[in-house]
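Okay, here's what each chain looks like letter by letter:
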Amino acid sequence: MPSSFPVPPPPAPGAFTAFPEALLSRDAVVAALRAAGCVFAEDEAALILDAASTAAELTALVERRVSGLPLELVLGWAEFRGLRIAVAPGVFVPRRRTEFLVSEALAHAPHADVVVDLCCGSGAVGAALAAALDRPEVHAADVDPAAVDCARGNLADAGGRVYAGDLFDALPAALRGRVDILAANVPYVPTGEVALLPAEARDHEPLVALDGGGDGLDVLRRVAAAAPDWLAPGGCLLVETSERQAADAVDAFARAGLTPRIAVCEDLYAHVVIGVAD
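Residues numbered from 1 in each chain as written. Predicted model: local features only at pLDDT ≥ 70, side-chain atom pairs only at ≥ 80, totals over all residues. Heavy atoms only, no water.

## Let's talk about the sheet that holds strand S8 (residues 259-265)
Phase 1 of the analysis: Across the sheet, which stays open at both edges, the seven strands sit in the order S5-S4-S3-S6-S7-S9-S8 with mixed pairing between neighbours. Two strands bound the open sheet, and with one partner strand each, they are strand S5 (161-164) and S8. Taking each pair of neighbouring strands and ignoring which way they run, the sheet shows an average axis angle of 20°.
Phase 2 of the analysis: Relative to S5, strand S4 (residues 137-142) runs parallel, the two being bridged by four bridges. Counterpart to alanine 140 in the pairing with S5 is valine 162.
Phase 3 of the analysis: Across the face of the sheet, helix H6 (residues 124-132) comes into contact with strand S3 (114-118), S4 and strand S6 (179-184) while running at roughly 160° to S3. (Pairing = 2+ DSSP bridges. Helix = DSSP H or I, 4+ residues; strand = E, 2+ residues; numbered from the N terminus. Axes fitted to C-alpha atoms, helices over the stretch in contact; angles between N-to-C directions. Contact = heavy atoms within 4.5 Å.)

Next up, the structure:
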């Protein structure tokens, strides 16, 4: 599950030990990023130059990027559905493919009043839904304290409430039977494949946000099984998964009593399972 900008390989020893404070030109930054293996060096250079207010700050940002830190963590934010979502070290970086999950949620429930962003990470999904809907009641939860802190900042303007805890255990009981959109961006990488992930995920994001158990669907099954108790009539659960896991995910939704379907976006290579409550 790579982020928007692939992490370059570590530079050769001594290749980028220091940058002169005069390193201000776009061409110089592009050259440094390209030499470090950044695929989108021009785009990244523009963002880094815009973020730096002094030569020393620019030098520090370029050094962090060529050392292998994901661009989103260098900048401190990731773009998601036109929003700047703050991210911090140790917090899952929102993926562009997850924008499709948000689009599907809005298509199913364009007038949703109550939204829950479960396994919220930075809170990007909740923030995007809040921005698109008419002043919804927004709740979010994550088991990782770093993610909870980050999400609270990203959801503050929407009046979102963010809770720390394991899945539904974190939510207030008053939400039972009231949720119109339950978006759960659960971890879905099989345990045995975590080591094969790109470095930006494997080395810089929390394992709890990536590892979905033996077949990658352990957390998804737990969410699906409990979701009907929390959804309002006609409310929907949306979970992102992979193409090869989609059929098993649909089965888990059906076993839980939800009416499932799969939505696919070829451009983003996104697969979302949607389950509707009776």
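## Considering unusual backbone geometry
Phase 1 of the analysis: For cysteine 119, which is not glycine, the phi dihedral falls at a positive 55°.
Phase 2 of the analysis: On the basis of relative accessibility, which here comes to 18%, the residue cysteine 119 falls in the buried class.
Phase 3 of the analysis: Positive phi values are uncommon outside glycine, yet tyrosine 269 reaches one of about 50°. (Buried < 20%, exposed > 50% of the residue type's maximum accessible area, 1.4 Å probe, protein only.)

## Comments concerning the nonpolar core
A general trend in soluble globular proteins is that nonpolar side chains are found buried together.
Phase 1 of the analysis: Leu129, Ile181 and Leu238 are the most contacted members of the largest nonpolar core, which totals 33 residues.
Phase 2 of the analysis: Contributing elements (two or more residues each) for this core: helix H5 (99-108), H6, S4, helix H7 (145-155), S6, strand S7 (231-241), S8 and strand S9 (270-276).
Phase 3 of the analysis: When residues no more than four places from it in sequence are discounted, the contact partners of leucine 238 are Leu101, Glu104, Ala105, Ile181, Leu182, Ala183, Ala184, Val272, Val273 and Ile274. (Core = buried A, V, L, I, M, F, W, Y, C linked by side-chain atoms within 4.5 Å.)

## Some words on helix H2 (residues 41-51)
Phase 1 of the analysis: Taken together, the buried positions of H2 are occupied by Ala41, Glu44, Ala45 and Ile48. Burial along H2 is one-sided: seen end-on, the buried residues are contained in an arc of 105°.
Phase 2 of the analysis: In this structure, the buried side of H2 is in contact with helix H1 (26-35), helix H3 (55-66) and helix H4 (71-75). (Arc of directions from axis to C-beta.)

## Details of helix H10 (residues 246-255)
Each α-helix turn comprises 3.6 residues. Residues three or four places apart therefore point the same way.
Phase 1 of the analysis: The set of residues buried in H10 consists of Ala246, Ala249, Ala252 and Phe253. Viewed along the axis of H10, the buried residues span an arc of 115°, placing them on a single side of the element. For H10, the exposed residues set more than 90 degrees away from the buried face come down to Ala247 and Arg255.
Phase 2 of the analysis: Buried residues belonging to H10 abut helix H9 (218-226), S7, S8 and S9.

## Some points on the environment of valine 250
Phase 1 of the analysis: Within the element layout of this structure, valine 250 appears in helix H10.
Phase 2 of the analysis: When the C-alpha positions of valine 250 and isoleucine 262 are compared, they lie 7.5 Å apart, and in sequence the two are twelve residues distant.
Phase 3 of the analysis: Aside from chain neighbours lying at most four places away, what touches valine 250 is Pro260, Ile262 and Val273.

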